[in-house]
Amino acid sequence: MEEFRRAYVQLCKESGAQPQETVLQQLHELREGPGQSHLDFATQSLSVDTCRVLGKLLQDEILFTDIMLSDCMLNEEGVRHLLNGLCSNTVVKSLDLKGNNLRALGAEALGKLLRQNKSIRSLTLEWNSLGMWEEGFSLFCQGLGGNRFLQWLDLRNNQINHQGAGELAMALKCNSSLQELDLRWNNIGLLGGRALLSCLHSNKTLRRLELAGNNIPSDILKAVDQAMDHNQDRQTILAENHSRTRVLSKEMFSLKEEKAKQFLDLMDTIDKQREEITRSSRTSAARVGQLQEALNERQSVMNSLKAKLQMTEAALALSEQKVHNLGELLSATKQEQASMTECQLKALRQQKQEAADRETKLLRDLSAANEKNLLLRNQVDELERRCKAQQDQLFQVKQDLTNTTAELKLRAVQAEERLEMEKKRFKQGLEDVESLRLKEVDHMTHHMEASERSMQERIQRLEAIRIGLEEELSRVKAAAFAERGQAEEELIKVRGQARLEEQQHLDHLEEKIRLMTQSRDEAQNYCLQQKQAVGEAQAKVSQLTLQTEGLKRRVEELQQDLSGKEQEKVAEVNKVRVELQEQIGHLQAERTAQEGLKEKIAALERQLKVLSSNHREALLDKESEISTLQEKLRMKEAEISRMREEEAQRASFLQNAIMAYVQGSALGALSPRK
């Protein structure tokens, strides 16, 4: 770390730039900290000169595997220098460029980095603006399509539209290493979602694709998730197949090594036998030379020649024994080869039988899964029918409830209207009675006042008449005292008549007052009756209000019951939906399992074909090796027979020579006796 710091300072001096204190402080903290393989400049503002120097340093740097440059406010030139320096780096595994507002030049530099760098496995580009520049993003996608080493890519919040998604889809069709891609919170939309979904048919390595917050329909998201699950299953199956192929290759390699060892052992035994034969031939040739020398010596070497003849006979017997042993060994090797071929044929038949049994078992499992699928489909249909019936019942209950609530509301409105009408009518009656009473009281008062005025006027008139009469009486007293009695009688009569009229008028007034009091009593009684009616109406109103409150409480209880029933129905519907979704998930899982089983069956069939072809090739190789060995054995047998014939010829020549020598010698006469 200190060497990196010194190199940074030296390059800054050579380029005439001033080293940044924040960079030096960060390098000092990294030197003192535990993480020696992480270069962390996050949230540090880096200048263009610093980026140029760091790019030069990172070209051949082998110390750092993780570089974090998030939120560094890098400009286009600085990003270009850094990424050009990382193009030739072979150690960096992770690069974080989050929140640097990368644009067209940054996208081009990233495309160049992805084309040239072969070590980066993780690239974080969150919170940038790569999708706004179509040409730069196209170059970035081209670099991604040509990359074969990147495994994790983060492109969140990069303003990628449907065209950028199309470019990404074209890149993903060519890419075969990317496993996880995060595209959340962009503007991909329906067309971009379809383009990404179409590219997943050719891309089989991508296992995780995040598309949340892109206005993509749920069906496309579900299809993408299914494609991701299919790719994950495919990766697991490929891993299992690779492990199995490795195991099979190891077993084949071990078998080949064993066969090679056996063949080498056989060749070693054959070479040993050949050396023994050559050794025996050499010894026999030496012995023949010795016999020839003994024949030249005549008498002095006769006994030695006989001994050597016996030795040659023993050697011949030994060679015959060896030939016999070689024949037995050849027959044993033939039997062993035949047993090996039979064992291999038996093993091949057993493997074929096991494959057939496995295939029948898989077919039975497939048929059982199909039957189970049909049964589950029937159950799903039955549950859908039940759900539909329950929905119809719920709709009927809701309709009945709406009808009852409407009827209750109508009745309540009618009761309120009646109550208002009764109130209005009662108020109108009270007002009418009050007005009538007031009118009658006014009329009576006016009438009493009028009667009083008339009585007063009459009294005044009578007083005036009395005065006039008194004057007339006084005048008449003077004129006609005689007529005093008559006048007094007339006056008495007039007074009686006036009293009678006054009494009659008073009786009439008393009758009117009695009638007025009676009418007042009747009005009071009517008021009391109206008050009683009002009390009864108020009691009725209170009863109606109580009834309406009871009906309202009943409606609220019915609404609560309805809401409870609706909640129960919703819970049951949700439960049924959850069960249906679980069953559909199980069915989909079983379907995927069936597809996986089919693919496994196909893979096993291919493996069986490959194994059978390999076994056939191995059998053909073994048969060819057996034929070559048999040919070699035939050649060895021919050579051994030729050597036997040569040895027999030599022995016959030697015997003839000895016989000729014996016959030609002085002891020829004794030889017939012997």
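Please read all numbers here as calculations on a predicted model, not as lab measurements.

## Brief notes about helix H1 (residues 2-14)
Reasoning step 1: Taking 1.5 Å per residue as the helical rise, H1 with its 13 residues ought to reach 18 Å, and the 18 Å between its terminal C-alpha atoms agrees with that figure.
Reasoning step 2: By the burial criterion, the buried members of H1 are Phe 4, Tyr 8 and Cys 12. Buried residues along H1 cover an arc of 75° about the axis, so they all sit on one side. Of the exposed residues in H1, those oriented more than 90 degrees away from the buried face are Glu 3, Lys 13 and Glu 14.
Reasoning step 3: Downstream of H1 by a residue or two, Gly 16 has a phi angle that is positive, lying close to 75°.

## A closer look at the pattern of salt bridges
Reasoning step 1: Under the definition given, this model contains 17 salt bridges.
Reasoning step 2: The salt bridge involving Glu 126 is made with Lys 98; its shortest N-O contact spans 4.0 Å. Of this pair, Glu 126 sits in the loop between strand S4 (122-124) and helix H6 (134-146) while Lys 98 sits in the loop between strand S3 (94-96) and helix H5 (104-116); the two residues are 28 residues apart in sequence, bridging distant segments of the chain.
Reasoning step 3: A network of salt bridges, in which partner residues are shared, links Lys 98, Glu 126, Asp 154, Arg 156, Asp 182 and Arg 184.

## Observations concerning the nonpolar core
Reasoning step 1: One finds Leu 110, Leu 125, Phe 140, Leu 153, Leu 155 and Leu 183 to be the most contacted residues of the largest nonpolar core, which totals 67 residues.
Reasoning step 2: The residues touching Leu 125, leaving out its near neighbours within four places in the chain, are Leu 97, Leu 102, Leu 110, Leu 130, Phe 140, Leu 153, Asp 154, Leu 155, Arg 156 and Asn 158.

## A few points about the sheet that holds S4
Reasoning step 1: Ordered by their spatial adjacency, seven strands build an open sheet running S1-S2-S3-S4-S5-S6-S7, and the pairing between neighbours is parallel. Of all the strands in the sheet, the pair left with one neighbour each is strand S1 (38-40) and strand S7 (208-210). Averaged over all pairs of adjacent strands, the angle between strand axes in this sheet comes to 0°, irrespective of strand direction.
Reasoning step 2: Looking at chain direction, S4 and strand S5 (residues 152-154) are connected through three bridges and run parallel. Of the residues in S5, the one forming a bridge with Thr 124 is Asp 154.

## As for a negative patch on the surface
Reasoning step 1: A cluster of acidic residues, Asp 265, Asp 268, Asp 271, Glu 275 and Glu 276, forms a negative patch at the surface.
Reasoning step 2: Following the sequence through the fold, Asp 268 ends up in helix H9 (residues 218-297).

## A short note on the state of the cysteines
Reasoning step 1: Applying the stated criterion across every chain, the model contains zero disulfides.
Reasoning step 2: In this structure Cys 141 is a free cysteine whose sulfur lies 11 Å from that of Cys 199, the closest cysteine sulfur available.

## Examining the environment of Gly 145
Reasoning step 1: Tracing the sequence through the fold places Gly 145 in helix H6.
Reasoning step 2: By relative accessible area, which is 8% here, Gly 145 ends up buried.
Reasoning step 3: Residues Gly 145 and Ser 176 lie 31 residues apart in sequence; the distance between their C-alpha atoms is 8.4 Å.
Reasoning step 4: Those residues in contact with Gly 145 that lie beyond four places of it in its chain are Ala 171, Cys 174 and Asn 175.

## Topic: empty space enclosed by the protein
Reasoning step 1: Summed over the entire model, instances satisfying the criterion amount to one cavity of 30 Å³ or more.
Reasoning step 2: The space that makes up the largest cavity amounts to roughly 40 Å³.
Reasoning step 3: What lines the largest cavity is simply Ile 237, Glu 240, Asn 241, Arg 244, Lys 600, Ala 603, Leu 604 and Gln 607.
Reasoning step 4: Of the residues that constitute the lining of the largest cavity, the class distribution is three nonpolar, two polar and three charged.
Reasoning step 5: Inspection of the lining of the largest cavity shows a minimum of three residues originating in each of domain 1 (1-252) and domain 2 (586-654).

## Some words on the packing of helix H3 (residues 48-57) against helix H4 (residues 76-86)
Reasoning step 1: Packing of H3 against H4 brings their axes to within 7 Å, and their N-to-C directions diverge by 5°. By the criterion of interaxial angle, the relationship of H3 to H4 is roughly parallel. Contact residues: Val 48, Cys 51, Arg 52, Leu 54 and Gly 55 in H3; Glu 77, Gly 78, His 81, Leu 82 and Gly 85 in H4.
Reasoning step 2: Among the residues forming the contact of H3 with H4, the class breakdown is four nonpolar, four polar and two charged.

## Some words on the domain arrangement of the protein
Reasoning step 1: Partitioning the protein into structural domains gives domain 1 (1-252) and domain 2 (586-654).
Reasoning step 2: Centre-to-centre, using C-alpha coordinates, domain 1 lies 52 Å away from domain 2.
Reasoning step 3: Contacts between domain 1 and domain 2 engage eight residues on the former and eight residues on the latter.
Reasoning step 4: Roughly 650 Å² of surface becomes buried between domain 1 and domain 2 when both sides are summed, with 60% attributable to carbon and sulfur atoms.
Reasoning step 5: If you sort the residues of domain 1 by the area they bury against domain 2, Ile 237, Leu 248 and Met 252 come out on top, with a joint share of 47%.
Reasoning step 6: At the boundary of domain 1 and domain 2, one finds zero salt bridges.
Reasoning step 7: At the junction of domain 1 and domain 2, the tally comes to zero residue pairs in polar contact (both at pLDDT 80 or more).

## Here's the deal with the environment of Glu 590
Reasoning step 1: With respect to the element layout, Glu 590 can be found in helix H11 (residues 483-664).
Reasoning step 2: Along the sequence, Glu 590 and Asn 373 sit 217 residues apart, while their C-alpha atoms lie 8.4 Å from each other.
Reasoning step 3: Those residues in contact with Glu 590, other than ones at most four positions away along the chain, are Lys 372 and Leu 376.

## Looking at the packing of aromatic side chains
Reasoning step 1: Considering all chains together, one arrives at two aromatic pairs under this definition.
Reasoning step 2: For the pair Phe 4 and Phe 64, a centre-to-centre distance of 5.1 Å together with 80° between the ring planes defines the contact as edge-to-face. Of this pair, Phe 4 sits in helix H1 while Phe 64 sits in the loop between H3 and strand S2 (66-68), and the two are 60 residues apart along the sequence. Summarising the burial analysis for this pair, Phe 4 and Phe 64 share the class buried.

## A look at the confidence of the model for the protein
Reasoning step 1: Residues of the protein with pLDDT of at least 70 account for 93%, and the chain-wide mean is 81.
Reasoning step 2: Looking at the elements of the protein, mean pLDDT is at its lowest for helix H10 (residues 302-479), recorded as 76, and at its highest for S4, recorded as 96.
Reasoning step 3: Below a pLDDT of 50 lies the segment residues 666-674, which in the model reaches four contacts outside its immediate sequence neighbourhood of four places, other chains included.

## Quick notes on the packing of helix H7 (residues 162-174) against helix H8 (residues 189-199)
Reasoning step 1: Contact pair H7 / H8: the axes reach a minimum separation of 8 Å and the direction vectors enclose 5°. What the angle tells us is that H7 and H8 run roughly parallel. Contacts from His 162, Ala 165, Gly 166, Leu 168, Ala 169, Leu 172 and Lys 173 of H7 reach H8 at Leu 191, Gly 192, Ala 195, Leu 196, Ser 198 and Cys 199.
Reasoning step 2: Here the residues of the contact of H7 with H8 sort into eight nonpolar, four polar and one charged.

## Section: the side chain of Ser 129
Reasoning step 1: Assignment of secondary structure puts Ser 129 in the loop between S4 and H6.
Reasoning step 2: The exposure class assigned to Ser 129 is buried, which follows from its relative accessible area of 9%.
Reasoning step 3: Within the structure, Ser 129 has its side chain in polar contact with the side chain of Asn 101 (distance 3.0 Å).
Reasoning step 4: When neighbours within four sequence positions are excluded, Ser 129 is seen to be in contact with Asn 101, Leu 102, Asn 158 and Gln 159.

## Details of a positive patch on the surface
Reasoning step 1: Side chains of Lys 346, Arg 349, Lys 352 and Arg 616 sit close together on the surface and give a patch of like positive charge.
Reasoning step 2: With three residues, H10 is the single largest residue contributor to the positive patch.
Reasoning step 3: Checked against the element boundaries, Arg 349 lands in helix H10.
Reasoning step 4: Residue Arg 349 is classed as exposed on the basis of its relative accessible area, which comes to 54%.

How each quantity is defined
- Residues numbered from 1 in each chain as written.
- Predicted model: local features only at pLDDT ≥ 70, side-chain atom pairs only at ≥ 80, totals over all residues.
- Heavy atoms only, no water.
- Helix = DSSP H or I, 4+ residues; strand = E, 2+ residues; numbered from the N terminus.
- Expected span 1.5 Å × (residues − 1).
- Buried < 20%, exposed > 50% of the residue type's maximum accessible area, 1.4 Å probe, protein only.
- Arc of directions from axis to C-beta.
- Salt bridge = Lys/Arg side-chain N within 4 Å of Asp/Glu carboxyl O.
- Core = buried A, V, L, I, M, F, W, Y, C linked by side-chain atoms within 4.5 Å.
- Contact = heavy atoms within 4.5 Å.
- Pairing = 2+ DSSP bridges.
- Axes fitted to C-alpha atoms, helices over the stretch in contact; angles between N-to-C directions.
- Patch = residues over 30% accessible without salt bridge, like charges linked within 9 Å, V, L, I, M, F, W, Y side chains within 5 Å.
- Areas by Shrake-Rupley, 256 points an atom, 1.4 Å probe, with all protein chains shown as cover.
- Lys, Arg positive; Asp, Glu negative; His and termini not counted.
- Charge placed at Lys NZ, Arg CZ, Asp CG, Glu CD.
- Disulfide = S-S within 2.5 Å.
- 1 Å grid on protein atoms, 1.4 Å probe; cavity = no way out; pocket = protein on both sides within 12 Å on 5 of 7 lines; lining within 4 Å.
- Points joined across faces, edges and corners; volume = space filled by probe spheres on them.
- Nonpolar A, V, L, I, M, F, W, Y, C, P; charged D, E, K, R; others polar.
- Domains from an automatic or database assignment.
- Parallel < 35°, antiparallel > 145°, perpendicular 65-115°, else oblique.
- Buried area = accessible area lost by both parts, 1.4 Å probe.
- Polar contact = N/O pair within 3.5 Å; in protein donor to acceptor, adjacent residues only side chain to side chain.
- Phe/Tyr/Trp six-rings, centres within 6.5 Å; stacked < 30°, edge-to-face > 60°.
- pLDDT = per-residue confidence, 0-100.

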